[in-house]
Amino acid sequence: MSATAASNDVMIRFRGAGVTYPNGVVGLQDVSLDIRQGEFVVIVGSSGAGKSTFLRTINGLTPLSTGTVEVSGQPVPRRQGRDLRQLRARIGMVFQDFRLVRRVSVLNNVLIGRVARVAGWRSVLNLWPRADVELAFSALERVGIVDKAYTRAGELSGGQQQRVGIARALAQEPEVILADEPVASLDPVTCHQVMEDLLRINRELGITTLVNLHFLDLARRYGQRIIGLQQGRLVFDGAGRDVTDADFQRIYGRRPEEDDFLQEAST
Amino acid sequence: MNRPAPPPRRLGLWLTILIGLGAMTAWSGISIGFSVSELVCNAAGGSRLLRESWPPDFAFLPRLIGPFLETVQIALIGTVVGAVIAIPVAVLAARPVSPNWLTWILDRNFMNILRTLPDLFWAMLFATAVGFGPLAGALALSVFSVAVISKLFSESVEAIDLNLTEAVRASGGSWLQMIGLGTLPQVWPQYAAYVLYAFELNVRGSMVLGLVGAGGIGMILETQRANFEYERVTMIVLAVLVVVLLIEQFSIAVRRRLT
């Protein structure tokens, strides 16, 4: 898994990518790397290291200040508009805080994943085409909560809500899934269930998956490849099984502490 | 630790405010010729009016049903038309979701103009266009409803969870989808409450507009008063009281369930 893979199966390519926010904070600095199609990548680093910024540049939620990001050979557009929406349609995103419309049914939340493929007026009037509803149902089946399809999203537990979040991303039929701290709001048992879901989807469907994590043990366990960021810079890039405590010390700029581990009690 | 010194009493300030308010009230009272003595001297005339107004003419009640329906119908049309138009007006005036600065500032000013002009003004305006009658009343109340609902609703829209709109955008959603799927579902209960509140105001408003010829119960009230049929006037006032209370209680009960 070297950083210079053959270009035909490169999914995401960073070249000299940097982000400086309007308030002067540097979010990302001179990052160059390739992520191949079908990889399961875990990004680690302390808070403020640029993990979220890194993910958000891939679907253009945060625009780059310098350098380029390409998704399957196509540069991420810097302007709002049709090009950017079409790119985002191919990239599913899972959030730490789930970001579900709590008052609305699980099914309708998952259908939000179909927005880019359905005419605006149809989606807004809740007149979803049969085929898109079917896709939403099979996404719910894949994460095992299809029985909750007509429940209000706000009535579900945290772990169930995150599964709805994953189903929403799946409903996009994406080439890439970006998961920004998907387990940070969950208890340890649910944490593993959600990580297993993401890994299984990556294996079964071959969707390139990038996950931000701050727990080192989770990163080591699930990350086939680990990318370490510190103050916006790439400081580590290697296989999960090879990563040592010394590597973590380099990524975090300090010795790993108790808080950096999930403390696996149940698995 | 030292106890803090008590803050200075600003006696002078309060005294100035009190004297200022007193002077303004006195000036206004003298200007409009407000006098308690006149009220007392004319008490006899007032009591005669009251005697003539009692008992209420219950035989007149059946003839009120039609006008009452018309009043409520005017209010209903005004509320529905206003409620529909108020949605885009409110969304475009909510800063975090408004598409750009220019739209926002234009819509804000549009809302301010609607709100500044009273419903009677709109009734006169529409009366010159379509003639005095229920239509002019309904149109005036539509404008009034847009003003009331859009003002309240745009504040609700401004307070939504913006992270949800980002989830829609991250899936490749357009601005319309961000509004329809990420924004409005968060605020429908508040919207329904504001529409009901506007309906309450409109029932009262349509009675007042009736006084100036927009039809309904207000118009009957005005004709009976002009004919010195005070027992019928009392009947109308009592009926209005009951109907307004009923509608208010219904509206309050529904709104409590919504939020």
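See the structure shown above.
Presented here is a report on the structure given in the accompanying data block. Residue numbering note: each chain is counted from 1, following its sequence as written. As a convention, the first chain written is A and the first ligand written is 1, with the rest following in written order. A pLDDT threshold of at least 70 governs which residues receive local features in this predicted model, and a stricter bar of 80 or more applies before side-chain atom pairs are shown or counted, although totals over entire chains, interfaces and linings include all residues. With hydrogens and water stripped out, all remaining heavy atoms of the structure feed into the side-chain values.

Regarding the sheet that holds strand E7 (residues 176-180) of chain A
To summarise the sheet geometry, strands pair through backbone hydrogen bonds and adopt either a parallel or an antiparallel arrangement.
Residues and elements named next belong to chain A.
Logical step 1: Two strands are said to pair when DSSP picks up at least two bridges between them. Each helix corresponds to a stretch of at least 4 residues labelled H or I by DSSP, and each strand to a stretch of at least 2 residues labelled E; elements are numbered beginning at the N terminus. Reading across the sheet, the 6 strands line up as E6-E7-E8-E3-E9-E10 and stay open at both edges, with mixed pairing between neighbours. The sheet is open, and its two edges are formed by strand E6 (91-95) and strand E10 (233-239), each paired on a single side. When the angles between neighbouring strand axes are averaged without regard to direction, this sheet yields 15°.
Logical step 2: The sheet contact formed by E7 and strand E8 (residues 208-212) spans 4 bridges and is parallel. Bridge pairing links Val176 to Thr208 in E8. Axis lines are fitted through C-alpha atoms, for helices just across the contact stretch, and the angle between N-to-C directions can take any value from 0 to 180 degrees.

Here's the deal with the layout of surface pockets
Logical step 1: Approximately 360 Å³ is the volume found for the largest pocket.
Logical step 2: Both site types are read off a 1 Å grid over the protein atoms alone. A 1.4 Å probe that fits but cannot get out defines a cavity, while an open set with protein on both sides within 12 Å along at least five of seven lines defines a pocket; lining residues have an atom within 4 Å of a point. Lining the largest pocket are 20 residues, with A:Val124, B:Ile179, B:Gly180, B:Leu181 and B:Leu184 positioned closest to its centre.
Logical step 3: Of all the elements, helix H9 (residues 175-214) of chain B adds the most residues to the lining of the largest pocket, at 8 residues.
Logical step 4: In the scheme used here, Gly and all other residues not listed as nonpolar or charged are polar, with Ala, Val, Leu, Ile, Met, Phe, Trp, Tyr, Cys and Pro taken as nonpolar and Asp, Glu, Lys and Arg as charged. Here the residues of the lining of the largest pocket sort into 15 nonpolar, 4 polar and 1 charged.
Logical step 5: Here the second largest pocket is characterised by a volume of approximately 310 Å³.
Logical step 6: A:Gln80, A:Arg88, B:Arg169, B:Trp175 and B:Met178 are the residues nearest the centre of the second largest pocket, which is lined by 15 residues in total.
Logical step 7: For the lining of the second largest pocket, the secondary-structure elements that each account for two or more residues are helix H2 (82-89) of chain A together with helix H8 (162-170) and H9 of chain B.
Logical step 8: At 5 residues, H8(B) tops the list of elements feeding residues into the lining of the second largest pocket.
Logical step 9: Considering only residue class, the lining of the second largest pocket consists of 5 nonpolar, 6 polar and 4 charged. Grid points are joined across faces, edges and corners, and a volume is the space filled by probe spheres set on the points.

Considering the packing of aromatic side chains
Residue and element names in this part refer to chain B.
Logical step 1: For Phe, Tyr and Trp, rings pair up if their centres lie within 6.5 Å, where Trp contributes its six-membered ring, and each pair is then called stacked (planes under 30 degrees apart), edge-to-face (over 60) or tilted (otherwise). On inspection of all chains with the given rule, the structure shows 6 aromatic pairs over all chains.
Logical step 2: Centre to centre, the rings of Phe228 and Tyr230 are 6.3 Å apart; their planes meet at 70°, and the pair counts as edge-to-face.
Logical step 3: For every residue, the accessible area obtained with a 1.4 Å probe (protein chains only) is divided by the maximum for its type, and the residue is called buried under 20%, exposed over 50%, and partly exposed between those limits. Under the relative-accessibility criterion, Phe228 is labelled exposed at 60%.
Logical step 4: Judged by relative accessible area, which is 19%, Tyr230 ranks as buried.
Logical step 5: Members of the aromatic cluster, joined through ring pairs, are Phe153, Trp188 and Tyr191.
Logical step 6: Between Arg95 and the ring centre of Trp104, over which it is positioned, the NZ or CZ distance is 4.0 Å. In this analysis the charged atom, NZ for Lys or CZ for Arg, is taken to sit over a ring once it is within 6 Å of the ring centre and within 35 degrees of the ring normal.

Quick look at unusual backbone geometry
Residues and elements named next belong to chain A.
Logical step 1: Residues other than glycine seldom take positive phi values, yet Glu181 does so here, at roughly 50°.
Logical step 2: Structurally, Glu181 can be placed in the loop between E7 and helix H7 (188-205).
Logical step 3: Among the residues examined, Glu181 registers a relative accessible area of 11% and is labelled buried.
Logical step 4: Not every positive phi belongs to a glycine, and Gln231 is a case in point at roughly 50°.
Logical step 5: Along the polypeptide, Gln231 turns up in the loop between strand E9 (225-230) and E10.

A short note on the sheet that holds strand E5 (residues 74-75) of chain A
Residues and elements named next belong to chain A.
Logical step 1: What the 4 strands build is an open sheet, ordered E2-E1-E4-E5; its pairing is antiparallel. The outermost strands of the open sheet, each flanked by one partner alone, are strand E2 (26-36) and E5.
Logical step 2: In what follows, residue pairs with any heavy atoms lying within 4.5 Å of each other are defined as contacts. Along the sheet, helix H1 (residues 51-58) contacts strand E1 (10-20), E2 and strand E4 (66-71); its crossing angle with E2, the most-contacted strand, is approximately 60°.

Details of the pairing of E8(A)
Two faces, one strand: in a regular strand the side chains alternate between the faces of the sheet.
Residues and elements named next belong to chain A.
Logical step 1: Among the 5 residues that make up E8, 5 are buried, leaving the element largely enclosed by the rest of the structure.
Logical step 2: Residues Thr208, Leu210 and Asn212 of E8 are buried on one face, and the alternating residues Thr209 and Val211, pointing to the opposite face, are buried as well.
Logical step 3: Taking the sense of rotation as the criterion, the β-α-β connection linking E7, H7 and E8 turns out right-handed. With its strands directed away from the observer, a crossover is right-handed exactly when the path from the first strand over the helix to the second travels clockwise.

Regarding the interface of chain A and chain B
Logical step 1: With 29 residues of chain A at the contact, the number on the chain B side is 19 residues.
Logical step 2: Regarding the contact of chain A and chain B, the summed buried area is about 1,900 Å², with carbon and sulfur atoms giving 61% of it.
Logical step 3: Take the accessible area each of two parts loses on contact, using a 1.4 Å probe, and add the two losses: that sum is the buried area. Looking only at chain A, the three residues that lose the most surface to chain B are A:Arg99, A:Arg103 and A:Val115, adding up to 28% of its buried area.
Logical step 4: Note on definitions: salt bridges are taken to be side-chain nitrogens of Lys or Arg within 4 Å of carboxyl oxygens of Asp or Glu. Where chain A touches chain B, the interface holds 2 salt bridges.

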